Amino acid sequence: MNTFFKEYLDYKSLAICLTLVVIGLVAIYSATFDINNAANFHRQVIWSLIGFVAMVLAAVFPLKSIQRLAIPMYVLILSILFVVLVVGKTISGSKSWFGVGGFGIQPSEFAKILTVLAFAAFFSRTTVSLSNMKHLIGGILIFAVPMGFVLAQPDLGTTIVFFGAMVPLLYWAGASRFMFAAILTPILVAFGALLGTTPFLIAVAASAFLLYITRENYFAAAVAFGITLAVGLSVQIIFERLPTYQRNRIATFLDPGHDPLGAGYNVLQSKVAIGSGGFLGKGYMRGTQTQLNFIPEQWTDFIFCVPGEEFGFLGASVVLGLFGALLFHGINVAGHSKNKFGSMTAIGIVAIFATHIFINIGMSMGLMPVIGIPLPFLSYGGSALLANMIMVGLLMNIYANRKAY
């Protein structure tokens, strides 16, 4: 019996997930206690129980059946993303929710999982290869279509998560160095354009060098450089057409003191909360920034400041350590899986988690622009928690079937 559990039970994923969920519930209770918003805590407890059941089901459902159902389920979620654009509920400026009783469902959270599964199912076929241009375009379109629906809501944060999952999956599927350079150089140049003329020119020069040394042929390198340059030159035009709140968020990211009482308020208060926690913190439910509600809706996007202030550097390090252990273990599962579908799915799950963690904690510390991405397992939100626990269940499933071809 002990041998069976060691061989098939992914106790590491299970233990890390449940520990993070408990930390999240403790943090949400503290963050909402002083404003008598107990309903949020109670809802999160209910979603945690539902998520646990869903995680177990995802862990025991036959992996081959998941692979067969991946494409049909992907088509279904695309239909749902279209419907939500028509009849969905608008929350915080994004039309991405269905209201069900007192609960809200956000389909884009589940679209991330199903898109990864569809991509993995497509490229796990023996006749499909990234060296075939049609297959490459098909793989990119698997991500591009739901990204288009989500961006139309509009939900820029979730769109970035899709992109953050696509790039590692392309690498795992066998993309060349040049392909990665062609994908990443436009981002580098666009970021340089936001910083000013000199950073823009440096980014252009660096991109040209990167494309040259990774080139497969001169024509492809020239086309990629032309696209990169066009993206950089169009940044200012696109920036001026963004909604005011998004321009303010970008400006605040580049200059934290740009709007300290407006767009930059949450970030500044979050940094104060984390910094004031010291090494051991101020104690549970004794954080001044969180208990006095200086950070609006601190139980969602800025939940990291709660353990950071109340348990200090030590508490924040524990959270980061758990996330790091989950990501490392997920990569290990992907590397040891003999099933190509399972291996790519595991990498996609790791990429989704990593993008959320990197951006959310970066937001809380002023290192990333505020784009409304929750912290996995900790932030309040039923759809996100349920989706995250399903992904852990899939990771457990892949671990149990890692030796099966």
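Placed above this text is the structure.
Residues numbered from 1 in each chain as written. Predicted model: local features only at pLDDT ≥ 70, side-chain atom pairs only at ≥ 80, totals over all residues. Heavy atoms only, no water.

Participant: Before we go on, may I ask you to explain the overall build of the protein chain in this structure?
Facilitator: Across its full length, the protein chain carries 17 helices and three strands. Within the protein chain, contacts between residues at least 6 apart in sequence are counted, and of these 71% link residues at least 24 apart. Total accessible area computed for the protein chain in this model is approximately 18,800 Å², and 71% of it derives from carbon and sulfur atoms. Distance between charge centres in the protein chain, computed from 22 positive and 13 negative side chains, equals 14 Å. (Helix = DSSP H or I, 4+ residues; strand = E, 2+ residues; numbered from the N terminus. Contact = heavy atoms within 4.5 Å. Areas by Shrake-Rupley, 256 points an atom, 1.4 Å probe, with all protein chains shown as cover. Lys, Arg positive; Asp, Glu negative; His and termini not counted. Charge placed at Lys NZ, Arg CZ, Asp CG, Glu CD.)

Participant: I'm lost on the packing of helix α7 (residues 156-172) against helix α16 (residues 340-364) in this one. Help?
Facilitator: Any two packed helices are characterised by how steeply their axes cross, that is the angle between the axes, and by the distance between the axes. Close contact between α7 and α16 brings their axes to 8 Å; oriented N to C, the two are set at 140°. Regarding the angle of α7 to α16, the classification is oblique. You can see that α7 and α16 cross each other, and the crossing is right-handed. Every residue of α16 that contacts α7 at Ile160, Val161, Gly164, Ala165, Pro168, Leu169 and Trp172 is listed here: Ser343, Met344, Ile347, Gly348, Ala351, Ile352, Thr355, His356 and Ile359. (Axes fitted to C-alpha atoms, helices over the stretch in contact; angles between N-to-C directions. Parallel < 35°, antiparallel > 145°, perpendicular 65-115°, else oblique. Left-handed = near helix turned anticlockwise from the far one by under 90°.)

Participant: Just to check I follow, could you spell out the side chain of Ser48 for this structure?
Facilitator: With respect to the helices and strands, the residue Ser48 is situated in helix α3 (residues 38-60). Taking relative accessible area as the criterion, Ser48 reaches 9% and is therefore assigned buried. Not counting chain neighbours up to four residues away, the residues in contact with Ser48 comprise Val21, Leu25, Leu385 and Met389. (Buried < 20%, exposed > 50% of the residue type's maximum accessible area, 1.4 Å probe, protein only.)

Participant: Before we go on, may I ask you to explain the side chain of Thr355 in this structure?
Facilitator: Note on placement: Thr355 falls in helix α16. Its relative accessible area of 12% is what places Thr355 among the buried residues.

Participant: How should I be thinking about the environment of Gly283 in this particular structure?
Facilitator: Along the chain, Gly283 falls in the loop between α12 (265-276) and α13 (288-291). For the pair Gly283 and Val145, spaced 138 residues apart in sequence, the C-alpha to C-alpha distance is 46 Å.

Participant: What should I look at first to understand the pattern of salt bridges in this one?
Facilitator: A pair can form between side chains of opposite charge whenever their charged atoms are brought close. Enumeration according to the criterion identifies two salt bridges in this entry. Across the salt bridge formed by Lys112 and Glu109, the nearest N and O atoms sit 2.8 Å from each other. Taken together, the residues Lys112 and Glu109, both in helix α5 (residues 107-123) and three residues apart, mark about one turn of the helix. For the residue pair Lys112 and Glu109, the accessibility class agrees, reading buried in each case. Put simply, Glu309 and Lys282 hold a salt bridge, and the shortest N to O gap is 3.1 Å. Taken together, the residues span a long stretch of sequence, with Glu309 in helix α14 (residues 305-310) and Lys282 in the loop between α12 and α13 at a distance of 27 residues. Residue classification places Lys282 among the partly exposed residues on the basis of a relative accessible area of 28%. (Salt bridge = Lys/Arg side-chain N within 4 Å of Asp/Glu carboxyl O.)

Participant: So what exactly am I meant to see when it comes to the environment of Leu268 here?
Facilitator: Within the secondary structure, Leu268 is located in helix α12. Separated by 96 residues in the primary sequence, Leu268 and Ser364 have C-alpha atoms spaced 8.7 Å apart.

Participant: Even after reading the chapter, I still don't get the packing of aromatic side chains, so can you show me in this structure?
Facilitator: Two aromatic rings are characterised by how far apart their centres lie and by the angle between their planes. The full count for this structure, using the stated rule, is 10 aromatic pairs. Measuring from centroid to centroid gives 5.9 Å for Phe279 and Phe313, while their planes differ by 25°, and the two rings are stacked. One end of the pair, Phe279, is in the loop between α12 and α13; the other, Phe313, is in helix α15 (residues 312-336), with 34 residues separating them in the sequence. Summarising the burial analysis for this pair, Phe279 and Phe313 share the class exposed. Sitting over the ring of Tyr212, Arg215 keeps its end group 4.2 Å from the ring centre. Arg402 extends its terminal NZ or CZ atom over the ring of Tyr399, reaching a point 4.1 Å from the ring centre. (Phe/Tyr/Trp six-rings, centres within 6.5 Å; stacked < 30°, edge-to-face > 60°. Lys NZ or Arg CZ within 6 Å of the ring centre and 35° of its normal.)

Participant: What is the right way to read the nonpolar core from this model?
Facilitator: Looking at soluble globular proteins, one finds that nonpolar side chains tend to be buried together. Counting 101 residues, the largest nonpolar core has Phe119, Phe143, Leu170, Phe353 and Phe377 as the members making the most contacts within it. By residue number, the principal contributor to this core is α16, which donates 13 residues. Among all residues touching Phe353, those that are not within four sequence positions of it are Leu326, Leu327, Pro376, Phe377, Asn388, Met391 and Val392. By size, the runner-up hydrophobic cluster in this structure holds five residues, among which are Phe178, Ala181, Leu211 and Ala224. (Core = buried A, V, L, I, M, F, W, Y, C linked by side-chain atoms within 4.5 Å.)

Participant: Where do I start with a nonpolar patch on the surface in this structure?
Facilitator: A contiguous nonpolar surface patch, about 520 Å² in accessible area, is contributed by Leu18, Phe52, Val53, Val56, Leu57 and Val60. In terms of residue count, the dominant contributor to the nonpolar patch is α3 (five residues). Locating Phe52 in the fold gives a position in helix α3. Residue Phe52 is classed as partly exposed on the basis of its relative accessible area, which comes to 39%. (Patch = residues over 30% accessible without salt bridge, like charges linked within 9 Å, V, L, I, M, F, W, Y side chains within 5 Å.)

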